[in-house]
Amino acid sequence: MALNNQGVIAVNKKQWQAAVEALTEALTRDHSYTKAQWNLSLALQGRAVELMQNKNYSAALNDLHKAYYLDVHLGARDANGSAAKHINEAIKEKTPRNAPPQSQPKTPPKKKPNKPGQ
C-alpha cells in the first residue's frame, strides 16, 4: 500500500518514471492489487504523453500498449479510452505527414507501331 501511495504522489507531481517504478514494485509484491494496476496505467500514459512530446514515439507506444493491456485486463473504464486514444495519436505522429510521395518509376514512351510498307 505504501508503494501505491508513493506512486500516486509521483503521478500527481508528474514524475512519471518514479511513479512507474513504485507502482511496478507494488505489483511485484502483490500482482492482484487493483488500485496499483489502475495507477500504473495512468503513470504509463502520462510518461507516454511526455515521450510523444519529445518525439520518442516507439517508447511512447511501448508504454501505451502496457497501459492498454492493464485497462483491458481490469475491465477498463472504457477499453477504447485514454490508452487507445493516445496509441492512435502516437501512431499518427510517428507517421510522417509531409513526406514526399513515393516517385513512380518513369516508363519509356510507347513506340508507335510501324505501318506495313514503311
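The structure contained in this document is the topic of the report that follows. Remember, it's a predicted structure, so these values are computed and weren't measured experimentally.

Comments concerning the side chain of aspartate 63
- Mapped onto the secondary structure, aspartate 63 falls in helix α4 (residues 57-73).
- Within the structure, the side chain of aspartate 63 is placed 2.6 Å from the side chain of arginine 47, a separation counted as a polar contact.
- Excluding its chain neighbours within four sequence positions, the residues that come into contact with aspartate 63 are Leu44, Arg47, Ala48 and Leu51.

Some thoughts on the nonpolar core
- Ranked by size, the top nonpolar core spans 17 residues in total, and within it Ala36, Leu40, Ala43 and Leu44 carry the most contacts.
- For this core, the secondary structure elements donating two or more residues are α1 (2-12), α2 (16-29), α3 (34-53) and α4.
- It is α2 that contributes the most residues to this core, six residues altogether.
- In contact with leucine 40, other than residues within four places in its own chain, are Val20, Leu23, Thr24, Leu27 and Leu70.
- Ranked by size, the runner-up nonpolar core spans nine residues in total, among them Ala48, Leu51, Tyr57 and Leu61.

About the criteria used
Residues numbered from 1 in each chain as written. Predicted model: local features only at pLDDT ≥ 70, side-chain atom pairs only at ≥ 80, totals over all residues. Heavy atoms only, no water. Helix = DSSP H or I, 4+ residues; strand = E, 2+ residues; numbered from the N terminus. Polar contact = N/O pair within 3.5 Å; in protein donor to acceptor, adjacent residues only side chain to side chain. Contact = heavy atoms within 4.5 Å. Core = buried A, V, L, I, M, F, W, Y, C linked by side-chain atoms within 4.5 Å. Buried < 20%, exposed > 50% of the residue type's maximum accessible area, 1.4 Å probe, protein only.

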